[in-house]
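# Notes for the structure review
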Amino acid sequence: MTTRMTERLRGADKIRVLFVCLGNICRSPAAEGIMRAAVAKAGQSHRWVIDSAGTGDWHVGELPDERMRAHARRRGYDLTHRCRQITRRDFADFDLIVGMDDNNRRNLMRLAPDDASRDKIVMMADFFSPGAPVDNVPDPYYGGPEGFELAIDLLEDATAGLIAALT
Ligand code: 4NP
């Protein structure tokens, strides 16, 4: 995010953020749920519009992956998002499009309709605390339970960083 963008969003009445991953059933709906809880806790719900989408369309209409829902529920997050694929319109409707890994970034850059849209693309890792163990939010879909726990740890850290950056 450019300094100019950060300053503009800090002064904005509303900040519209779209979290994006590949399938929109693991990482990005978890990011959405965690972000909602974090802004509510900070008393900032009125200030944020929060949604998520996938670059792929395999799971459209589905609830998040049962494993992610179970891991999130244990930390108090109820994930009820229905999977949807990102559209061209999302690049106009949102201020920030937040990808989870390099594959998401490449897909988003390809899908973005213009320069203004490309400028909105940022990475979740941009908001990690110093000393974070990884430099992206790895896809937990094909792995074991530890991948889901790591994803939630990283998303909790990054959502706090994102709120702090724009407050
Ligand atoms: P996500 O994980 O991108 O974090 O939602 C995935 C979910 C589904 C698939 C890939 C990744 N899939 O290939 O169906």
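Here, the structure is the one placed above.
Residues numbered from 1 in each chain as written. Predicted model: local features only at pLDDT ≥ 70, side-chain atom pairs only at ≥ 80, totals over all residues. Heavy atoms only, no water.

Core analysis: the biggest nonpolar cluster contains 38 residues, and F19, W48, L96 and M124 have the highest contact counts within it. Looking at this core, the elements that each hand over two or more residues are helix 1 (3–10), strand 1 (15–21), helix 2 (27–41), strand 2 (48–54), helix 3 (66–74), strand 3 (96–99) and helix 7 (145–165). In terms of residue count, helix 7 provides more of this core than any other element does, nine residues in total. With ten residues, the next largest nonpolar core counts A53, I86, F91 and F94 among its residues. (Core = buried A, V, L, I, M, F, W, Y, C linked by side-chain atoms within 4.5 Å. Buried < 20%, exposed > 50% of the residue type's maximum accessible area, 1.4 Å probe, protein only. Helix = DSSP H or I, 4+ residues; strand = E, 2+ residues; numbered from the N terminus.)

Let's shift gears to the pattern of salt bridges. Proximity of charged atoms lets side chains of opposite charge pair with each other. Within this structure, the stated rule accounts for 13 salt bridges. Between R36 and E32 there is a salt bridge, with its nearest N and O atoms 2.6 Å apart. Taken together, the positions of R36 and E32, both in helix 2 and four residues apart, correspond to about one turn of that helix. Sharing partners across several salt bridges, the network here consists of R75, E149, D153 and E156. (Salt bridge = Lys/Arg side-chain N within 4 Å of Asp/Glu carboxyl O.)

Moving on, we come to the environment of Y77. Mapped onto the fold, Y77 is located in the loop between helix 3 and helix 4 (88–93). The sequence separation of Y77 and G33 amounts to 44 residues, and the corresponding C-alpha distance is 6.3 Å.

Here we come to the packing of aromatic side chains. Applying the stated criterion to the full structure yields one aromatic pair. Taken together, a centroid distance of 4.8 Å and an interplanar angle of 85 degrees make the contact between Y141 and Y142 edge-to-face. For Y141, a relative accessible area of 27% gives the class partly exposed. Looking at Y142, the relative accessible area reads 77%, which means it is exposed. (Phe/Tyr/Trp six-rings, centres within 6.5 Å; stacked < 30°, edge-to-face > 60°.)

We now examine the pairing of strand 2. Look at any regular strand and the pattern is simple: side chains alternate between the two faces of the sheet. With six of seven residues buried, strand 2 lies mostly within the body of the structure. Where strand 1 meets strand 2, seven bridges bridge the pair, whose relative direction is parallel. Opposite C21, over in strand 2, you have G54 as the bridge partner. Traced from strand 1 through helix 2 to strand 2, the parallel crossover comes out right-handed. (Pairing = 2+ DSSP bridges. Right-handed = clockwise from strand over helix to strand, strands pointing away.)

The subject of this paragraph is the environment of R82. Here R82 is to be found in the loop between helix 3 and helix 4. Each C-alpha atom, one on R82 and one on V20, is 13 Å from the other, the two residues being 62 residues apart in sequence. Setting aside residues no more than four positions away along its own chain, R82 makes contact with N24, G61, E62 and L63. Engagement of the side chain of R82 in a polar contact is seen with the backbone oxygen of G61, the distance being 3.1 Å. (Contact = heavy atoms within 4.5 Å. Polar contact = N/O pair within 3.5 Å; in protein donor to acceptor, adjacent residues only side chain to side chain.)

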